[in-house]
Amino acid sequence: MTVLTNDSARCPQCQSDEIADDPQSLRHFCQQCGCRFGWVKTHAPMRIFLSYGHDRNEELVLRIRADLEQRGHDAWFDKKEIKAGDDWRRSITDGLTESDGVLSFLSRHSTRDPGVCLDEISIAVGVKGGNIQTVLVESEHDVSPPQSISHIQWLDMHDWLTQKTAGQDVWEGWYEERFAEILRVVESDRSRRFEGEIRQLEEFLKPTMFEARLARLLEPGFVGRDWLLDAVEKWRTAPKRDSRLLWITGPPGSGKSAFAAHLAHYGRDRVIAVQFCEFDKPEHGDGRRIVRTLAFQIATRLPDYRKLLLTLPEINELDEKNPSELFDYLLARPLQLAIGGGRERYLIVVDALDEANRNGRNEFVDLLARHADALPKWVAFVVTSRPDPGISTALQGFEPLALDTSTDENRDDVRRYLRSHLERFLQDRVDAEKLLDLILERGEALFLYAEHFCREVRDGRLSLDRPAEFPQGLGGIYRQYFQRQFPDAAEYDRKIRPALASVLAANEPLPIQILQDQFGWTHVELWQHLEAFGSLFPVTSITGADVVTPYHKSLADWLADFSRAGSDYGVDVQAGARELTDHCLKVARAADGDVPPYVKRHTASHLLSQERWGDLDDAISLPRLELLKRWTARGEQREGESCLRGTLAHLQRDGDHGQRVGLLSTQLARVLTQLGRHDEARAFLKQALDCATGVTRRSTQAIAWHELGSLDFYAGQYRRAIRCYRRALRLARRASPPDDAEAAANLVGLATIARTRQQNSKAIRFATEAIEHAESGSDVRHNIAARRILAGSLRYQMKLDEAASELNAARMLCVLHDLGFEQAAIELAQAWLTYEANLLEGRDDHANAAERLFVSALEQADQSAHLVSRVEAWLGLAWCCLVRLDAEGAAERLGRITALPEAAKYRELVAGINIARASLDLLRLEYDVAQEHFRAAKAFADTHELHAFAADAGVGLTAALFHQGEDRDARSAEREAVKSARRCGPLKSRLVALGLNRARTTPGAGPY
């Protein structure tokens, strides 16, 4: 493990500053008096969640927290982190999901069931998979760790109180030894590698999290269902594993979701992934999102599967695949390749499969019907759903396990629930059993009915003394509720029904602010309406906004079905959708500042679902919605493609919209380019050029030619790309008024190609001109990009001070405008510049200063979720290890780099990774392998005219050949390296000379 000395440390006994770091004890060591003290700060701090039981062991936990922080880690500790008024459950969940690892302290109190710590462990298993460490703080005879972590070896500190009372010297010696063990486990390569891999997969897969839904389902308490748990376990462990899917079906309200939540929460030892489908969450009906979410969860649990995912060649191109392709690519094939021998059967739980229906189609049930049998025998699905015709038809090949509410087992379960929750009301009543029979009969033995009934009794709205008033079925519950809540039919028609229509039509739980604005309510009127809605439409908080949504899908279905709710309470959801959409458009059109998040997120999708193409075209033009930016730059390409295709077809049918068709065609081309469908993108760019003729349409033409240039650049067709960029530049300059922002974009494109080909004088000229246009057009992003290119070219010309000045100016712009993506890239450029400047000055610690900057850039990349910058930061950190001849550190850091999105755009980064991996082979003295990899790296660099990287590959190849005694070939490789370096300018020539000198004298040393 690599540690960094704390330069300010002094011995607490003799005050000497002659301090060294002891890598064994991880303590500071005084070279004068031999005292060991403090804890050496780690070079890679982590965020560690501490899960404990707030019991007598808190003193020990506090000491461990303080020492972790002294070591440089951020220890998340609920008493310290949760502020007064915070939602404690949400805060704990956020703390767990944002942590790098979990340290769970096991005691009798912390492992009690139910208990907060068990909830924390369950969330941690789901989110952090295997990255949990356990510390036993009480005797193992008193502790019952959950099954989900029973396989994890704990660190035994159960006798800490005894050690503490044995005297200070005994206690400190014992504690230091145990704490050092904690550090070795927490900071192990495995732990850090796990967190790095999970972060990468999270970036690629973009999973949906379900902790809040799980907590809501567990809250009422789970009773019974032992027979169902036994049936699932018998099916799971059966010797014959031909079926890969167990389908549990039951009517609305029969407790399917509560059972799925219980199985997922308490069965984490055998459940490796879970998906809760909810009718009011659009992403839950997206088969792609479901597959990606399941893959992510499985990857947190199965290390071999995780490694297979990270090595998939198209892991960075998932947006291009349809649901069936994703199921095969992410689930079926990798799981088949994972080691299955001796594995027990794992389960993937999918709840409420019928609620994954979108626009009349259920993508995921079709996937399961067609592809479930493609899974290996040691993985299987357990799914729950209503017996809807569409589900039944798709899953007809699977034998359903029916939750028949009329069976004795089900009636006994519901009876137990009623008896438990009505205990004080039934106490001493001679008619208790008769009443329970009546409730079961009226409620059709449904759990949801029983839950509502118990709440009504507890709140005093129902009385066991008036059994004639017991409602009939769920519909009876809902009708009785509406009769009580809305006795005035005219007021319901005028005020309540329209508001409920908007709530039911919303794509996600509707912010109450939207309701207030849509209907023009005062603040008092808003809360009067929400109180009238009552418990069936609860107000909850999601990401800081108060929202309202139906309590259960059965309620939404009942209201939308006039044959059941009747004309007195039924709601026209389609009319509600139109009214809500009209309101969103009105808000967007009138907005002077930011529009509400719901309006921004869903106006386009509402218009798309209603095929209101003219209004959608209008919405695209509204700057506050930022639709084109979202579709082309923020990862919402699928919605963008559907909206733009539909709008273009509408405009073309309507005729006489050539300029608009041309402009939207360029934007659709940008979307398709990001989806990797370059041929389709070219076709739409050609359409844009055909439509955009005449002087007034130069801006559209400029955009089209720019996008064609980018397509050619990604394809390595530099000459064609240059012609396109130049043509776009001329059009931007001739526009009236001149389009400075578009001119800057094309000059940045030309500068990028020039710098890639090491034509540094050209790159400087183009970048300088781009900065002037960007400043004139208030285009901050292209201003920053141009300065970064300018700095890179100045650097190669040995004008290091000027390069540093440009990077400092660019960084100030990033900070001023809060541009995290761009800031990460600028900080990386500053790190490389520092590395090379210190190397040329001959400083022995040239890698250390750069390393600190790479760490800072990595933190910025993590904060802004910029995967490409994160990859480059890890490459920089690995390079620091390589030049220090630290093979273990380089291997660990290169291990964080597994895939790169849109690799064709980042050939220089790919070339750098190739050379770093070959340099690691060289450092390990594996000369034959190093030769092969350096030759491949040089061929790649030569193909793409990356002369600087060709020079580095030549240095490495020279070293490998020289140390194998192949002098003639080594001299030839050296000449090639020098020749490539000269094409880059004086900086590269100096670095290559230094690298060649060291390579001859130091075995294992490669390029600088």
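With an unreviewed UniProt entry as reference, the chain is termed Tetratricopeptide repeat protein, source organism Maioricimonas rarisocia.

**Remarks on the overall build of the chain**
The helix and strand inventory of the chain stands at 47 helices and 16 strands. For the chain, with 1008 residues in total, the buried portion stands at 55%. Restricting the contact set of the chain to residue pairs at least 6 apart, pairs at least 24 apart contribute 69%. In the structure as shown, the chain presents an accessible area of about 42,700 Å², 48% of it carried by carbon and sulfur atoms.

**Some words on the confidence of the model for the chain**
A residue-level look at the chain finds 89% of positions with pLDDT of 70 or above and a mean pLDDT of 85. A low-confidence stretch, residues 1-7 (pLDDT under 50), is modelled with 16 contacts involving residues beyond four sequence positions or located in other chains. Across residues 80-88, where pLDDT falls below 50, the model places 13 contacts with residues more than four positions away in sequence or in other chains.

**A short note on the pairing of strand β15 (residues 539-542)**
Sheet analysis places β15 next to strand β16 (residues 545-548), joined by four bridges and oriented antiparallel. Note that in β16 the partner of T540 across the bridge is V547. The antiparallel hairpin formed by β15 and β16 contains two residues in its connecting segment, where T543 sits at a positive phi of about 50°.

**Notes on the packing of aromatic side chains**
Enumeration over the complete set of coordinates arrives at 23 aromatic pairs. In this arrangement the basic side chain of K321 is found over the ring face of Y329, its NZ or CZ atom lying 4.5 Å from the centre. In this structure, R765 is placed above the aromatic ring of F766, and the distance from its NZ or CZ to the ring centre is 5.0 Å.

**What about the environment of R71?**
Tracing the sequence through the fold places R71 in the loop between α1 (58-70) and β5 (74-76). You can call R71 buried: its relative accessible area is 0%.

**Digging into the packing of helix α41 (residues 867-883) against helix α42 (residues 887-894)**
Between α41 and α42, the shortest axis-to-axis distance is 8 Å and the interhelical angle comes to 170°. The orientation of α41 with respect to α42, classified from their angle, is roughly antiparallel. In this structure, α41 contributes W874, L875, L877, A878, C881 and L882 to the contact, and α42 contributes G889, A890, R893 and L894. Looking at the contact of α41 with α42, its residues break down into eight nonpolar, one polar and one charged.

**Remarks on the packing of helix α43 (residues 907-923) against helix α44 (residues 927-943)**
Between α43 and α44, the least distance of the axes is 8 Å, while the angle of their chain directions is 165°. Between α43 and α44, the angle is such that the two are roughly antiparallel. For the pair α43 and α44, the crossing hand works out as left-handed. On α44, the residues touching R907, V910, A911, N914, I915, A918, S919, D921 and L922 of α43 are Y927, V929, A930, H933, F934, A937 and F940. Grouping the amino acids of the contact of α43 with α44 by side-chain chemistry returns 11 nonpolar, three polar and two charged.

**Description of the sheet that holds strand β9 (residues 245-249)**
The strands that make up a sheet pair up through hydrogen bonds in the backbone, lying either parallel or antiparallel. If you walk across this open sheet you meet the five strands as β10-β11-β12-β9-β13, and the pairing is parallel. Strands with a single pairing partner mark the edges of an open sheet, and in this sheet they are β10 (271-276) and β13 (400-402). Between one strand axis and the next, the sheet turns through 20° on average, direction left out of account. Here β10 pairs with strand β11 (residues 346-351) via five bridges, running parallel. Residue pairing for β11: V271 is matched across the bridge by L347. Taken strand by strand, helix α11 (residues 287-301) contacts β10, β11 and β12 (379-385), and its axis lies near 155° from that of β10.

**Description of the nonpolar core**
Of all hydrophobic cores here, the largest spans 245 residues; its most connected members are L330, F364, F381, F482 and F537. Ranked by the residues each element gives to this core, the list is headed by α41, at 13 residues. Not counting chain neighbours up to four residues away, the residues in contact with F537 comprise F482, L500, V503, V548, T549, P550, L555 and L559. Grouped together as the second largest cluster of nonpolar side chains are 24 residues, W39, I48, I64 and M157 included.

**Some words on the side chain of E639**
By the element assignment, E639 lies in helix α30 (residues 637-654). On the basis of relative accessible area, E639 is assigned to the buried category, the value being 19%. Among the polar contacts listed, one links the side chain of E639 to the side chain of R630, at a separation of 3.1 Å. Only 2.9 Å separates the side chain of E639 from the side chain of W631, close enough to count as a polar contact. If near-sequence neighbours (up to four positions away) are discounted, E639 is found in contact with R601, A604, S605, R630 and W631.

**Overview of the pattern of salt bridges**
Counted by the stated rule, this structure contains 60 salt bridges. Between E344 and R236 there is a salt bridge, and its shortest N-O distance comes to 2.9 Å. With a gap of 108 residues between them, E344 in the loop between α13 (323-337) and β11 and R236 in helix α9 (residues 226-237) connect regions that are remote in the sequence. We classify R236 as buried; its relative accessible area is 5%. With a closest N to O distance of 3.0 Å, D712 and R720 form a salt bridge. Under the relative-accessibility criterion, D712 is labelled buried at 3%. Three or more residues joined by partner-sharing salt bridges are found here, namely D582, R589, R612, D615 and D618.

**Topic: α41**
Helix length check: α41, at 17 residues, gives a terminal C-alpha distance of 25 Å against a target of 24 Å (1.5 Å per residue), a fit within 8%. Here α41 lies mainly inside the structure; 16 of its 17 residues are buried. Downstream of α41 by a residue or two, L885 has a phi angle that is positive, lying close to 65°.

So, how was this worked out
Residues numbered from 1 in each chain as written. Predicted model: local features only at pLDDT ≥ 70, side-chain atom pairs only at ≥ 80, totals over all residues. Heavy atoms only, no water. Helix = DSSP H or I, 4+ residues; strand = E, 2+ residues; numbered from the N terminus. Buried < 20%, exposed > 50% of the residue type's maximum accessible area, 1.4 Å probe, protein only. Contact = heavy atoms within 4.5 Å. Areas by Shrake-Rupley, 256 points an atom, 1.4 Å probe, with all protein chains shown as cover. pLDDT = per-residue confidence, 0-100. Pairing = 2+ DSSP bridges. Phe/Tyr/Trp six-rings, centres within 6.5 Å; stacked < 30°, edge-to-face > 60°. Lys NZ or Arg CZ within 6 Å of the ring centre and 35° of its normal. Axes fitted to C-alpha atoms, helices over the stretch in contact; angles between N-to-C directions. Parallel < 35°, antiparallel > 145°, perpendicular 65-115°, else oblique. Nonpolar A, V, L, I, M, F, W, Y, C, P; charged D, E, K, R; others polar. Left-handed = near helix turned anticlockwise from the far one by under 90°. Core = buried A, V, L, I, M, F, W, Y, C linked by side-chain atoms within 4.5 Å. Polar contact = N/O pair within 3.5 Å; in protein donor to acceptor, adjacent residues only side chain to side chain. Salt bridge = Lys/Arg side-chain N within 4 Å of Asp/Glu carboxyl O. Expected span 1.5 Å × (residues − 1).

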